[in-house]
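Observations on chain architecture
One letter stands for each residue in the lines below.
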Amino acid sequence: MILIKLGGSVITDKARPLTPRKKAMDAVARVLRKADEPVIIVHGGGSFGHYWSVKYDMHTEPKKYNPRGVATVKNSMIKLDNMVLESLFKNGHSPYCLCPSAFMSGNRASPKGIREAGEIAKSGMTPVTYGDALWHGQKKTYILSGDRIMTHIAKVLRPRLCIFALGEDGLYSDMKSRKLVREAGSMRASISATDMDVTGGMARKVREATAISRGGTRVFFVNGNKPRRIADAIGGKFEGTLFR
Ligand code: IP8
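Since the structure is predicted, the reported quantities are computational estimates derived from the model, not experimental observations.

A word on the packing of aromatic side chains. Per the counting criterion, the structure on display carries five aromatic pairs. Ring plane angle 70° and centroid distance 4.8 Å describe the contact between Y51 and W52, whose orientation is recorded as edge-to-face. Residue W52 is classed as partly exposed on the basis of its relative accessible area, which comes to 21%. Members of the aromatic cluster, connected to one another through ring pairs, are Y51, W52 and Y56.

Dropping the structure here:
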């Protein structure tokens, strides 16, 4: 089983509010179609969810956020998700939309819901879920990152490989030289403040990737705008950053 996160900077133009990158979605969908095993897809918010989360000052911390903000973020994620689903469908997948509340209750993941996603994947459909604004309880909501969802799913389903498709070639040891870290292990990369978004940007991805790899699943950061590299990774050839 492959668990893949389609980063917001791949499926949207992060510099332009509410702008999808449909060609990039199609290219990734085509490559994933060739995978010879079940696939589960998680996607980020990019210039949809993150754009509105910033406008309404919403974060991962549970708080009493503006209800109009919560609704706006959720609606924007549904719109983006719909485009991802259409792209997958058009390219031969049978996507099965799983809004995150199907397997999240407050900020806890339900192993039962996640196991069900695994069964759906094994049945020939492609479960698709995404980062979102979620109910926390006690009048509070929070932003759940797709990166966090990756860890929740990986812990229960232990996929063969986790892939984070990013708008970059992988993790750089420093932003100036953009020297690629080929294997991350326990190293600490310097992560620049410009990589941050409401859910923590690259720093969060590294945290989640480290947690997943400690559980025994290999995690690979790859440039999602170079879909051949995704296909290569599925075949065991890694051009990006590997955590193991
Ligand atoms: O792009 C967050 O998901 P991410 C989605 O995976 C929202 O961090 C709603 C901002």
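Okay, back to it.
The next point concerns the sheet that holds strand β6 (residues 126–130). On the basis of which strands lie adjacent, the open sheet formed by seven strands has the order β3-β6-β2-β1-β9-β12-β13 and mixed pairing. Edge strands, defined here as strands with exactly one partner in the open sheet, are β3 (95–97) and β13 (241–243). The average angle at which neighbouring strand axes cross in this sheet is 20°, direction not considered. Summarising the sheet, strand β1 (residues 2–6) and strand β2 (residues 39–43) pair through five bridges and their orientation is parallel. Paired with I2 across the two strands is V39, which belongs to β2. Together, β1, β2, β6 and β9 (161–166) form the strand contacts of helix α6 (residues 146–157), whose direction differs from that of β1 by roughly 175°.

For helix α4 (residues 67–90), which comprises 24 residues, the first-to-last C-alpha distance of 35 Å matches the rise-based estimate of 34 Å (1.5 Å per residue) to within 8%. Turning to α4, its buried residues number three or more, namely G69, V70, V73, S76, M77, L80, D81, V84, L85, S87 and L88. At the N-terminal boundary of α4, the capping side chain belongs to N66, with an oxygen 2.8 Å from the backbone nitrogen of R68. Looking one or two residues past α4, G92 carries a phi angle of roughly 95°, positive in sign.

Rules of the game
- Residues numbered from 1 in each chain as written.
- Predicted model: local features only at pLDDT ≥ 70, side-chain atom pairs only at ≥ 80, totals over all residues.
- Heavy atoms only, no water.
- Phe/Tyr/Trp six-rings, centres within 6.5 Å; stacked < 30°, edge-to-face > 60°.
- Buried < 20%, exposed > 50% of the residue type's maximum accessible area, 1.4 Å probe, protein only.
- Pairing = 2+ DSSP bridges.
- Helix = DSSP H or I, 4+ residues; strand = E, 2+ residues; numbered from the N terminus.
- Axes fitted to C-alpha atoms, helices over the stretch in contact; angles between N-to-C directions.
- Contact = heavy atoms within 4.5 Å.
- Expected span 1.5 Å × (residues − 1).
- Polar contact = N/O pair within 3.5 Å; in protein donor to acceptor, adjacent residues only side chain to side chain.

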